[in-house]
Amino acid sequence: MSESLVQRVKSWAARWGEAWSSFWFVEREAHALAVIRIACGGMLAYIHLIWLIRLSDFLGPNAWIDRDSIQTIHQNDWAWSWLFYTDSPWLTGAHETIALLASLMMMLGLLTRVAIPVAWFFTLMTCHRLTLSLFGLDQIVVMLAMYLMLANSGAVWSMDRRLFSASKSASGDPRWWIALSKRTVNNNIATRLIQIHLCVIYLFGGLGKMRGEMWYEGSAMWFTIVNYEYQSLDLTWIGKSPMLIATLSATTIFWETFYCALVWPKLTRPLVLATAFFVHAGIAIGLGMVTFGVIMIVANFAFIDPAVFRHLFERSKLEKA
């Protein structure tokens, strides 16, 4: 009896070990991550362009949050940035210019292995400096860039592919600062980390909404629609149908809370991702948060099979190795 139990435990542990290994350590194509890289790089470039245009307001001596204030805010935590110690227009302008160029290189896939870490680090330094001035967009692009550093997202649809593929040797990528191997374990690890991070974001977003009485009584969506601060479209006509408002409110909180469970099964994944698209498209169009809505839709691409993007965007069936 005891031997049978031991064998069953060993068999169970072996199955879990195989499942764990297949979840993390299998090769994955780079096509979905390449789409995320292009969108994330473009969004980072947009953010840094805004920060550069309004440099004095964000990082100057008379910034909305000055150096003394930001140092006080972070005196008891681990956040650090060299921008805590300078408000020189030349130094902060150089910082933002480097970040902008690195973000454009990330988008284009030029020297990807260097461009992504540089874009991520310089953006992180600015985000730490701009505490209390950030939005969800800033946090999501930093998160995506952090995980893209692990991947070979420049292996497809990139300048690296065009410029260096001819020099790729039979043994692998020609130089350490580019990555041309399309199928790697790194791609899978980066994808899984993005997926898990999204699940955490949505779960706590849903739990946070559950603390609000309006979400329980079904009126939350109405107060969102009539908020003039965010109103881009006049959707007040929905108020003629309280049942529709209640349904939208209940659907949103259910989807957000249970995203982390329903996005993994193949049966429910298409419905969850379709809901994500409509929710974030609604945020983009109805509430005026276009950039945030777009980047959240792009982040959900991590749950789409890379082959889908390969078939959509690659015209030739065979691509040169």
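Computed from a predicted structure; not experimentally measured.

A few points about the environment of Met-214
- With respect to the helices, strands and loops of the structure, Met-214 is situated in helix α10 (residues 213-217).
- Between the C-alpha atoms of Met-214 and Ala-274, which are 60 residues apart in sequence, the distance is 25 Å.
- When residues no more than four places from it in sequence are discounted, the contact partners of Met-214 are Ser-219, Ala-220 and Phe-223.

Quick notes on helix α13 (residues 269-286)
- With 18 residues, α13 extends 25 Å from end C-alpha to end C-alpha; this agrees with the ideal 26 Å at 1.5 Å per step.
- Turning to α13, its buried residues number three or more, namely Val-272, Leu-273, Thr-275, Ala-276, His-280, Ala-281, Ile-283, Ala-284 and Gly-286.
- Taken together, the buried residues of α13 touch α9 (185-210), α12 (242-262) and α14 (290-299).
- Among the residues trailing α13, Gly-288 stands out with phi positive, at a value near 80°.

A few points about the confidence of the model for the protein chain
- Mean pLDDT for the protein chain: 90, with 93% of residues reaching 70 or above.
- Across residues 316-321, confidence stays below pLDDT 50; counting only partners more than four residues off in sequence or on other chains, it has seven contacts.

Quick notes on the packing of aromatic side chains
- Enumeration according to the criterion identifies 21 aromatic pairs in this entry.
- An angle of 90° between the planes, with centres 5.9 Å apart, marks the rings of Trp-255 and Tyr-259 as edge-to-face. Here Trp-255 and its partner Tyr-259 are both found in helix α12, four residues apart, which amounts to about one turn of the helix.
- Accessibility expressed as a relative area gives 0% for Tyr-259, which makes it buried.
- Measuring from ring centre to ring centre gives 5.2 Å for Trp-264 and Phe-303, while their planes differ by 75°; the resulting arrangement is edge-to-face. Separated by 39 residues along the polypeptide, Trp-264 in the loop between α12 and α13 and Phe-303 in the loop between α14 and α15 (306-313) bring together distant segments of the chain.
- Trp-264 gets classed as partly exposed once you look at its relative accessible area, which sits at 26%.
- Among the aromatic residues, ring-to-ring pairing joins Trp-20, Phe-23, Trp-24, Tyr-202, Trp-255, Tyr-259, Trp-264 and Phe-303 into one connected group.
- Sitting above the plane of the Phe-23 ring, Arg-192 keeps its charged end 4.1 Å from the centroid.

Some details on the packing of α9 against α12
- Orientation of α9 relative to α12, taken along the N-to-C sense of each, is 140°, at an axis distance of 7 Å. As judged from the angle between their axes, α9 and α12 are oblique. Where α9 crosses over α12, the handedness of that crossing is left-handed. Here Leu-198, Cys-199, Tyr-202, Leu-203, Gly-205, Gly-206, Leu-207, Lys-209 and Met-210 of α9 come into contact with α12, specifically with Ile-253, Trp-255, Glu-256, Thr-257, Tyr-259 and Cys-260.

Observations regarding the pattern of salt bridges
- Across all of its chains, the model carries four salt bridges by this definition.
- Among the ionic pairs, Lys-209 bridges to Glu-256, the shortest N-O distance being 2.8 Å. Within this pair, whereas Lys-209 is found in helix α9, its partner Glu-256 is found in helix α12, the two being separated by 47 residues in sequence.
- On the accessibility criterion, Lys-209 (22% relative accessible area) is partly exposed.

A few points about helix α7 (residues 136-148)
- With 13 residues, α7 should reach 18 Å at 1.5 Å per residue; the first-to-last C-alpha distance of 18 Å fits that figure.
- For α7, a buried count of 10 out of 13 residues is recorded, marking the element as mostly surrounded by other parts of the structure.
- For α7, the full list of buried residues reads Leu-137, Asp-138, Ile-140, Val-141, Val-142, Met-143, Leu-144, Ala-145, Tyr-147 and Leu-148.
- Of the surrounding elements, those touching the buried residues of α7 are α2 (31-53), α5 (89-108), α6 (112-129), α9 and α14.

Details of the nonpolar core
- Counting 46 residues, the largest nonpolar core has Cys-40, Met-106, Val-141, Leu-144, Leu-198, Tyr-259 and Ile-295 as its most contacted members.
- For this core, the element with the highest residue contribution is α7, accounting for nine residues.
- If near-sequence neighbours (up to four positions away) are discounted, Leu-198 is found in contact with Tyr-259, Met-296, Ala-299, Asn-300 and Phe-303.
- Counting residues in hydrophobic clusters, the runner-up holds seven residues, among them Ala-220, Met-221, Ile-225 and Ile-253.

Conventions used here
- Residues numbered from 1 in each chain as written.
- Predicted model: local features only at pLDDT ≥ 70, side-chain atom pairs only at ≥ 80, totals over all residues.
- Heavy atoms only, no water.
- Helix = DSSP H or I, 4+ residues; strand = E, 2+ residues; numbered from the N terminus.
- Contact = heavy atoms within 4.5 Å.
- Expected span 1.5 Å × (residues − 1).
- Buried < 20%, exposed > 50% of the residue type's maximum accessible area, 1.4 Å probe, protein only.
- pLDDT = per-residue confidence, 0-100.
- Phe/Tyr/Trp six-rings, centres within 6.5 Å; stacked < 30°, edge-to-face > 60°.
- Lys NZ or Arg CZ within 6 Å of the ring centre and 35° of its normal.
- Axes fitted to C-alpha atoms, helices over the stretch in contact; angles between N-to-C directions.
- Parallel < 35°, antiparallel > 145°, perpendicular 65-115°, else oblique.
- Left-handed = near helix turned anticlockwise from the far one by under 90°.
- Salt bridge = Lys/Arg side-chain N within 4 Å of Asp/Glu carboxyl O.
- Core = buried A, V, L, I, M, F, W, Y, C linked by side-chain atoms within 4.5 Å.

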